[in-house]
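# Per-entry structural report
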Amino acid sequence: MAPSSFMRCKSHASLTEVDAICLRLRSWMTEAGPPWVNERFAVELLAREALSNAVRHGCNGDPSKMVSFSCRLGLKRVVIKIEDDGPGFDWRKSIHSAPDDEACHGRGLSIFHLYASRILFNPPGNRVLLIRQLLEQTMSDTPASQDGTKALIHPGDLTASTVDRVRDQLKT
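Residues numbered from 1 in each chain as written. Predicted model: local features only at pLDDT ≥ 70, side-chain atom pairs only at ≥ 80, totals over all residues. Heavy atoms only, no water.

### Observations concerning the environment of Ile21
Take Ile21: it is sitting in helix α1 (residues 15-32). For Ile21, the contacting residues outside a window of four places in its chain are Met7, Cys9, Ser11, Leu51 and Phe69. (Helix = DSSP H or I, 4+ residues; strand = E, 2+ residues; numbered from the N terminus. Contact = heavy atoms within 4.5 Å.)

### Section: the confidence of the model for the protein chain
Scored by pLDDT, the protein chain has a mean of 81; 69% of the residues are at 70 or more. Here helix α5 (residues 163-171) stands out as the element of the protein chain with the lowest mean pLDDT, 60, in contrast to strand β2 (residues 66-73), whose mean of 97 is the highest. Confidence drops under a pLDDT of 50 for residues 137-142, and excluding neighbours within four residues, the segment shows 18 contacts in the predicted structure. (pLDDT = per-residue confidence, 0-100.)

### A look at the pattern of salt bridges
A full pass over the atoms with the stated rule returns 5 salt bridges. Across the pair Glu44 and Arg26 runs a salt bridge whose closest N-O atoms are separated by 2.8 Å. Of this pair, Glu44 sits in helix α2 (residues 40-58) while Arg26 sits in helix α1, placing them 18 residues apart in sequence. Residue Glu44 is classed as buried on the basis of its relative accessible area of 11%. With a shortest N-O distance of 3.8 Å, Glu83 and Arg127 are connected by a salt bridge. With a gap of 44 residues between them, Glu83 in strand β3 (residues 77-84) and Arg127 in strand β5 (residues 127-133) connect regions that are remote in the sequence. In the salt-bridge network here, residues are joined through shared partners; they are Asp19, Arg26, Glu44 and Arg48. (Salt bridge = Lys/Arg side-chain N within 4 Å of Asp/Glu carboxyl O. Buried < 20%, exposed > 50% of the residue type's maximum accessible area, 1.4 Å probe, protein only.)

### Details of the pairing of β5
In this structure, β3 lies alongside β5, joined through 7 bridges in antiparallel fashion. Its bridge partner lying in β5, Ile82 is registered against Val128. Relative to β5, strand β4 (residues 118-121) runs antiparallel, the two sharing 4 bridges. Along β5, the bridge assignment pairs Leu120 with Leu129. Where β4 hands over to β5, the hairpin turn is made up of 5 residues, of which Gly125 adopts a positive phi near 90°. (Pairing = 2+ DSSP bridges.)

As structure tokens, this is what we get:
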């Protein structure tokens, strides 16, 4: 039986719960198979960062507050939604700001910009929607240049589990 294309859960605001949700997300995406298995790192990173922000900042680490998480696997994209019981934040002020090079925190929005195709906050700032478009083009569909060379466009992240496939593509 094919896995569901939708995952949803609600938990108390704790970092232990964030770890549990991310473990469940990783397993669910592995079960979903290609192309989702290649997107696990990026999707888990986005989810973990947004969930951690919801726990730490949105709920101020208060385990009596709740955090909601959902993830939908579409045909060509992944949609992650995270909402917390907190009052929100003024995301308009910080959506395009970069953290200090020396800072130990404040990299969440930068991570969102690197790994998500779209970032949408509700007006109060206690719900975020992260959309990641899938890269479908592989070396086999990449046209050769005039001198016969090809560019490799790898779908997803290059990880230890995908290196052999990339190596095989380079040989052809």
